[in-house]
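# Structural features, examined
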Amino acid sequence: MSVTLKELAEKTNGIIKGDESCLIEGVSSPDKANKGDLCFITDPKWLAALEGCNASVVVLKDEHKDYFKGTVLVHENPYYVYAVVSQYFSPYPAVERSIHPSAVIHETTMIGNNVSIAANVVIEQNVTLADDCVIGAGSVIGSSSSLGVACQLRANVTLHANTQLGERCIIHSGVVVGDDGFGFAPNNDQWQRIEQMGNVVIGNDVEIGANSTIDRAAINSTVIHNGVKIDNLVQIGHNVIIGENTIIVACCGIGGSTVIGKNCKIGGAVGMAGHLEIADGVMITGMSQVTGSLVKSGASYSSGTGVSETGLWRRNIVRFKQLNEMAKTVKKLDKHMQQIIDKDHGSDS
Amino acid sequence: MSVTLKELAEKTNGIIKGDESCLIEGVSSPDKANKGDLCFITDPKWLAALEGCNASVVVLKDEHKDYFKGTVLVHENPYYVYAVVSQYFSPYPAVERSIHPSAVIHETTMIGNNVSIAANVVIEQNVTLADDCVIGAGSVIGSSSSLGVACQLRANVTLHANTQLGERCIIHSGVVVGDDGFGFAPNNDQWQRIEQMGNVVIGNDVEIGANSTIDRAAINSTVIHNGVKIDNLVQIGHNVIIGENTIIVACCGIGGSTVIGKNCKIGGAVGMAGHLEIADGVMITGMSQVTGSLVKSGASYSSGTGVSETGLWRRNIVRFKQLNEMAKTVKKLDKHMQQIIDKDHGSDS
Amino acid sequence: MSVTLKELAEKTNGIIKGDESCLIEGVSSPDKANKGDLCFITDPKWLAALEGCNASVVVLKDEHKDYFKGTVLVHENPYYVYAVVSQYFSPYPAVERSIHPSAVIHETTMIGNNVSIAANVVIEQNVTLADDCVIGAGSVIGSSSSLGVACQLRANVTLHANTQLGERCIIHSGVVVGDDGFGFAPNNDQWQRIEQMGNVVIGNDVEIGANSTIDRAAINSTVIHNGVKIDNLVQIGHNVIIGENTIIVACCGIGGSTVIGKNCKIGGAVGMAGHLEIADGVMITGMSQVTGSLVKSGASYSSGTGVSETGLWRRNIVRFKQLNEMAKTVKKLDKHMQQIIDKDHGSDS
C-alpha cells in the first residue's frame, strides 16, 4: 500500500514543493510520523509540531508552506488531501472476488461482474446485484431488492424486500434497511397494525453507519438522496425524505414523514418529531429537540441546557419549572418600577 | 393482492355508499390515487383533495361522506379501516412454508405445523416453535426458548436462552432479546459481574422494532405484556415490566426495574431512570428526561428546552445556569417592591 | 447448579453464622425465597421482610446480622456476595466445547485449546483465538483480529479487521466493533470519504452491551481500557479512549477523539461531543449534554430540564427562549431598586 506524491498531487490538483518522486506509505500525525508518512495540517496551532517532524511529506496551505523544511504538498484544503490519500491505506485486505459456497443465493438472482458474496449470505428471489458489489458475511438481502454498481454491504447487514440502492453505497454492519415502519391505528385500547406497503429508495454514494435502521414507507417510499452520510445507531422513520449530501451524526432519531433538505448538518443524538420540514443547509447541534419545522435555509439551531455540576443543576431545574411564574413576576415588577420611575420623573420635573 | 369493498366493509363494520362489488387493489393518497386504489381521510383539511380524485373508493366519516362523488365506505375511524385494508397488501412475498436445509436446528426442537425456518437459522436445544411461526434468515434462538403460534422473527434476530414469546409476536431484524442485563457490583475500584439469572417473558401480539434490545432479568423476568408495541433502537433494561398495549417510540431507554403501566404512550428518545413507576395511560412527549415516578394516571409529561437559533440558545443557556441566582434576585426585588408599594399606600392614605 | 455456603464464604471472606454445610441452589428476594435460596440485603428498609423469610441463608452486614433467625453470611458488602454467588447460576447451558461444522473458518486461523465456535460463524484470515474463547452463532470475525483467553462473543457479533480483544471480554449480541469511523472531508457541497486506517484495541475484562458500536480509529486506535463496562446501544466514535473501569450506561453517544478518564460513571443516554477530555472519576447523570471538557476529577455533572406536566412545560419553554431578555430585565430592575433603596436611605438619614 503506497502512492507517489506525484500521483497524489495530480489527483488533488496540489502543488509539490520538493521531491515529487517521494513515496507515501502511510498517514500519521506530525508528532508520530516516520519516514514514508504523510502529515497534514489544517489548524495553525499544529504548525509548531512540524519542527523536527520526520514525515516524508506534509500537506499545507499556501500561507504555511514554509513551516516545513522537507517536501510539502501545497493545497487549499489539506483535510481533503488527507481524505484522498487515505483511500490508498484501507485496513481491510483486498476482497477476493468470489462467491462463497456457503452463501444461499436464490436461483433468480441477477449477479453482475466482479461481484463478491461472502460466507453465509442469504439472497432471496429476484434480487439484482450490479457489477463490483461486495456483500459481507451473514448479510441478508430481501426479495426484489436491487444494488447499483460497487455497493458494499458489510457483515451482518439486513435489507428487506424491495429495497433499492444506487451506486457506490456503503451499508455498515448491523444496519437494517426496509424493515416495517412503526404504524398502528388505535382500535379501542388496542393497536391495529398497519402493513407498511412501501419501500426504501437510496441514491448514489450514500453511507449508512453500523446498527442504524431505515424504515420502509407506509405507502410510497422512504427516500435517502445522493451523497447522504448517516452515522451509527440512527433511526430514520417511514416516509422520511433526506436531501442530497445531508450528513447525520450518530444516535439521531428522525420521526416519520419528516422531510430534510439538502446539505444539512445534523449533530449527534438530535431528535426530530414526525411530519416536519427542515430547510436546505440547516445545521442542528447535538441533542437538539426538534418539535417544529425549521424553515430558514442555512440557519443553525440548538437546544438543551448544557451541563453543570449536579448540585447547581438541581437548584436550577427547580427554577426552570417555575420559570413562567418567575417571568410573570418580573413583568409585574418591571411595570411597577416604570410607574415609580415615571412618578419620580414627574416629581423631579 | 386485492379485496372487494364488500369484504372490507364486513370486516370493519363500515357502510358502503356506492358500488359494493368494487375491487380494491392498492392504497394511495387522494392526489396520487388511480383506479383500483382506496383512499382514506381523517383530517378534514384533505377533503378538498377529493375533487378530481381517481380512487375507486374513499373511506370517510359520516359527516364527510358527500365530499366524494364516487364510492364511499363510511366509517367513524377511517384510519382503522386503512390499517385493516393494508393487511391485504404486504410488500413481502408469501413465505414458502419450509425448513431450509442450511438451518442448524437442534434435534430436540419441537416444531409445530406450517412453520417456516429460513436459511442459516440456528436453533439451540429444547426450543419450541408453535404452529405457523416464521423464522427469518440468520436468526439465532437460544436454548429452552418458546414461541407461541404465528410468531415472526425477521432476519438476523437473536433470542437468548429461556426467552418466552406469546402468540403472534413480530420481532424485527437485529433485535436482541434476553441478552444479559447490565449488573455489576463495585468491588474496590473494579466491577464484579452479576450473572443475570432471569429471562424475558413477552405476551401476545407484541411487536419489537429493529435493533432494539430487551435485557434478561437479574432474578425473575423482564416482562412485556400483551399488545405492547416497541419501535426501533429501544433499550429495555433488566426486570422492567411494561403494561398491556403501551406503545414506545424509537430510541427510548428504560432503566432497570422500572414498571410502566398499561396504555401508556412514550414518545421517541425518552429516557427513564431505573426503579420508577409510571401510571397507566401516561403520555410522555419525545426526548423527555424521566428521573422520578409519574403516578398520575392519564397525565401528559414533557421535558427539554425546544429548539432555538444557536446564538439565542447560547445566551439563554448561560442564563439557565444562573437561574437559581436570578430567582433569588427576583424574590428579593419582589419583596422590596412590595415594601415600596405598602409604604406608598401608607403615605397615600 | 449449587454451591455450599462454606465455599461461598471462603471465596468472599464472609463469616458464617449458622449452618456452614447449607447448600445454596438459587438466589431470590426475601419475599419470594424458598428453601435452598440465598437472599441479600443492602438497604435496611428491606430488613423487615426477613420476618418469616424462607431462605436458607441471608447475606447481611454485621450490624444487621441478628435480623434473620436462620443462617446468615456476614459481609460488609452483601451486593458483592450476590454478584459472586450469581456466577454459579448462569441461565445458559454449559457450552459444548466444539467447533460446529457449519462454521466457515479460514485455514490461517490460530485456535487455542478448549475453544468453542458455534454454528454459522465466519472467521476471516489470520485471526487468533486464545484458549477458552467462546464464539456465538452467526458471529463474524474480520481478518487479523485477535481474542485473548476466555473471551466470549455472543450470537451475531461482528468484529472488523484488526480488532484486538484482551482476556475475558464479553461482547454481546449485535455488537459491531471496528467498523469505520464517521469521517468525511467537505469537498464543495459533497463529502469525500476518509478511509479509517486504524483499529480498535480493547483491554481485559471489558464488557460491551448488545447492539453497541465501537468505531475503528481514523489513524492509530480507538482504545477501551481494562475493566470498562459498556451497556447496550452505546456509540463510541473513532479515536475515543476510555480509561480503566469506567462504566457507561445504555444509549450513550461518545463523539470522536474524546478521552474519558478512569473510574468514571456515565449515566444512560449521555451525549458527548468529540475532542473532549473527561477527568478521572467523573460522574455524569442520565441524558446529560456534554459539549465541553470536564476537568474536575470526581465531580458530578448533570443537565436537562427534568419532566413536568406538558401544559406547564409548554409555558416554561416559552420563557426559556426569553431567558436572556428576562435576565437583562432583572438586572436593570435590580439596579433601579438599588438606586431607590440608596435614595431612601439617603432621605432617611
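Residues numbered from 1 in each chain as written. Chains lettered and ligands numbered in written order. Predicted model: local features only at pLDDT ≥ 70, side-chain atom pairs only at ≥ 80, totals over all residues.

### What about the overall build of chain A?
- Assigned secondary structure in chain A consists of four helices and 39 strands.
- In terms of overall size, chain A is more extended than a compact globule, its C-alpha atoms giving a radius of gyration of 27 Å where 349 residues would be expected to give roughly 20 Å.
- Its C-alpha atoms put chain A at 90 × 70 × 35 Å along the principal axes.
- Burial status across chain A gives 56% buried among its 349 residues.
- Sequence-distant contacts in chain A: of pairs separated by 6 or more residues, those separated by 24 or more amount to 20%. (Helix = DSSP H or I, 4+ residues; strand = E, 2+ residues; numbered from the N terminus. Rg over C-alpha atoms; globule rule 2.2 N^0.38 Å. Buried ≥ 20, exposed ≤ 12 C-beta atoms within 10 Å, placed from the backbone. Contact = placed C-beta atoms within 7 Å.)

### Points about the pairing of strand 23 (residues 199-202) of chain B
All names here are of chain B.
- Taking every second residue as pointing to the same face, both faces of strand 23 are buried, with Asn 199 and Val 201 on one and Val 200 and Ile 202 on the other.
- Examined bridge by bridge, strand 18 (residues 164-165) and strand 23 share two bridges and lie parallel to one another. Each bridged residue has a counterpart across the sheet, and for Leu 165 the counterpart in strand 23 is Ile 202.
- Where strand 23 lies against strand 26 (residues 221-224), four bridges are found, and the strand directions are parallel. The partner of Val 201 across the bridge, within strand 26, is Val 223. (Pairing = 2+ DSSP bridges.)

### Brief notes about helix 1 (residues 5-12) of chain C
Residue and element names in this part refer to chain C.
- Among the residues of helix 1, those classed as buried are Leu 5, Leu 8 and Thr 12. When helix 1 is viewed along its axis, its buried side chains cluster within an angular range of 65° and face the same direction.
- Contacts made by the buried residues of helix 1 are with strand 1 (3-4), strand 2 (15-17), strand 3 (23-24), strand 6 (57-60), strand 7 (71-74) and helix 2 (78-86). (Arc of directions from axis to C-beta.)

### A word on the interface of chain A and chain C
- With 65 residues of chain A in contact, the opposing surface of chain C contributes 63 residues.
- Residue assignment for the side of chain A that touches chain C shows that the elements contributing at least two residues are helix 2 (78-86), strand 39 (308-309), helix 3 (310-320) and helix 4 (323-348) of chain A.
- Considering every element that reaches the side of chain A that touches chain C, the biggest residue donor is helix 4 of chain A, with nine residues.
- Of the residues belonging to the side of chain A that touches chain C, the class tally is 33 nonpolar, 26 polar and six charged. (Nonpolar A, V, L, I, M, F, W, Y, C, P; charged D, E, K, R; others polar.)

### Topic: the interface of chain B and chain C
- On the chain C side, the residues contacting the 63 residues of chain B number 65 residues.
- Mapped by element, the contributors of at least two residues to the side of chain B that touches chain C are strand 20 (176-179), strand 21 (184-187), strand 22 (190-193), strand 37 (289-290), strand 38 (300-302), helix 3 (310-320) and helix 4 (323-348) of chain B.
- For strand 38 of chain B and strand 39 (residues 308-309) of chain C, the ladder comprises two bridges, and the chain directions are antiparallel. Counted as the bridge partner of Ser 302 of chain B is Ser 308 of chain C from strand 39 of chain C.

### Quick look at the sheet that holds strand 30 (residues 247-248) of chain C
- Ordered by their spatial adjacency, eleven strands build an open sheet running 39(A)-38(C)-36(C)-33(C)-30(C)-27(C)-24(C)-19(C)-16(C)-13(C)-10(C), and the pairing between neighbours is mixed. Either end of the sheet is taken by a strand with one partner, and the two such strands are strand 39 of chain A together with strand 10 (116-117) of chain C.
- Relative to strand 33 (residues 265-266) of chain C, strand 30 of chain C runs parallel, the two being bridged by two bridges. Following the sheet pairing, Ile 247 of chain C is matched in strand 33 of chain C by Lys 265 of chain C.

### Side note on the domain arrangement of chain A
- The assigned domain composition of chain A is domain 1 (3-89), domain 2 (104-301) and domain 3 (313-348).
- Each of domain 2 of chain A and domain 3 of chain A has a C-alpha centre, and these two points are 50 Å apart. (Domains from an automatic or database assignment.)

### Remarks on the pairing of strand 20 (residues 176-179) of chain A
Residues and elements named next belong to chain A.
- As paired strands, strand 17 (residues 158-159) and strand 20 are joined by two bridges and run parallel to one another. Across the sheet, the residue bridging to Leu 159 is Val 177, located in strand 20.
- Pairing of strand 20 with strand 25 (residues 213-215), which is carried by three bridges, proceeds in the parallel orientation. Residue pairing across strands places Val 176 opposite Thr 213, the latter belonging to strand 25.

### What to know about the relation of the copies chain A and chain C
- When chain A is brought onto chain C, the operation consists of a screw motion whose angular component is 120° and whose axial shift is 0.0 Å, with 0.1 Å RMSD remaining. The superposition of one copy onto the other is thereby described by a three-fold rotation axis. (Least-squares fit on C-alpha atoms with pLDDT ≥ 70 in both.)

### Considering the nonpolar core
- Grouped together as the largest cluster of nonpolar side chains are 210 residues, with contacts concentrated most on Cys 252 of chain A, Cys 252 of chain B together with Cys 252 of chain C.
- Dropping the residues within four chain positions of it, Cys 252 of chain C is found in contact with Val 234, Ile 266, Gly 268, Ala 269 and Val 270 of chain C. (Core = buried A, V, L, I, M, F, W, Y, C linked by C-beta atoms within 7 Å.)

### Digging into the environment of Ala 119 of chain B
- Here Ala 119 of chain B is to be found in the loop between strand 10 (116-117) and strand 11 (122-123).
- Take Ala 119 of chain B: there are 24 C-beta atoms within 10 Å of it, and that puts it in the buried class.
- A sequence separation of 121 residues divides Ala 119 of chain B from Val 240 of chain B, and the C-alpha atoms of the two residues are 33 Å apart.
- Apart from the residues within four sequence positions on either side, Ala 119 of chain B is in contact with Val 104 and Val 122 of chain A together with His 100, Ser 102, Ala 103 and Ala 137 of chain B.

### Describing helix 1 (residues 5-12) of chain A
- Each element contacted by the buried residues of helix 1 of chain A is listed here: strand 1 (3-4), strand 2 (15-17), strand 3 (23-24), strand 6 (57-60), strand 7 (71-74) and helix 2 of chain A.
- Looking at the residues trailing helix 1 of chain A, positive phi occurs at Asn 13 of chain A, about 60°.

### Re the sheet that holds strand 6 (residues 57-60) of chain B
Residues and elements named next belong to chain B.
- Strands sit in the order 2-7-6-5-4 across an open sheet of five strands; the sheet is mixed. With one partner strand each, in any of the chains shown, strand 2 (15-17) and strand 4 (26-27) form the two edges of the open sheet.
- The pairing of strand 2 with strand 7 (residues 71-74) spans three bridges and is classified as antiparallel. Looking at strand 7, one finds that Lys 17 is bridged to Val 72.

### Focus: the packing of helix 1 of chain C against helix 2 of chain C
Residue and element names in this part refer to chain C.
- Helix 2 packs onto helix 1 with a crossing angle of 120° between their chain directions and a minimal axis gap of 10 Å. Judged on the interaxial angle alone, helix 2 and helix 1 are oblique. Classified by chirality, the crossing of helix 2 by helix 1 is right-handed. Contacts between helix 1 and helix 2 involve Leu 8, Lys 11 and Thr 12 from the former and Tyr 80, Val 81, Val 84 and Val 85 from the latter. (Axes fitted to C-alpha atoms, helices over the stretch in contact; angles between N-to-C directions. Parallel < 35°, antiparallel > 145°, perpendicular 65-115°, else oblique. Left-handed = near helix turned anticlockwise from the far one by under 90°.)

### Quick word on the environment of Asp 62 of chain A
- Along the chain, the position of Asp 62 of chain A falls in the loop between strand 6 and strand 7.
- Note: C-alpha distance between Asp 62 of chain A and Gln 190 of chain A (128 residues apart in sequence) is 66 Å.

### Remarks on the environment of Ile 224 of chain C
Residues and elements named next belong to chain C.
- Inspection of the secondary structure assignment puts Ile 224 in strand 26 (residues 221-224).
- Among the residues examined, Ile 224 registers 29 C-beta atoms within 10 Å and is labelled buried.
- Between the C-alpha atoms of Ile 224 and Glu 107, which are 117 residues apart in sequence, the distance is 30 Å.
- If sequence neighbours within four positions are ignored, Ile 224 has contacts with Ile 202, Gly 203, Val 206, Ile 214 and Ile 242.

### Overview of unusual backbone geometry
- One non-glycine residue, Arg 168 of chain A, adopts positive backbone phi at about 60°.
- As for its placement among the helices and strands, Arg 168 of chain A is situated in the loop between strand 18 (164-165) and strand 19 (170-171).

### What about the confidence of the model for chain A?
- With 99% of its residues at a pLDDT of 70 or more, chain A shows a mean pLDDT of 96.
- Taken together, the chains of this predicted complex give a pTM of 0.96 and an interface ipTM of 0.95. (pLDDT = per-residue confidence, 0-100.)

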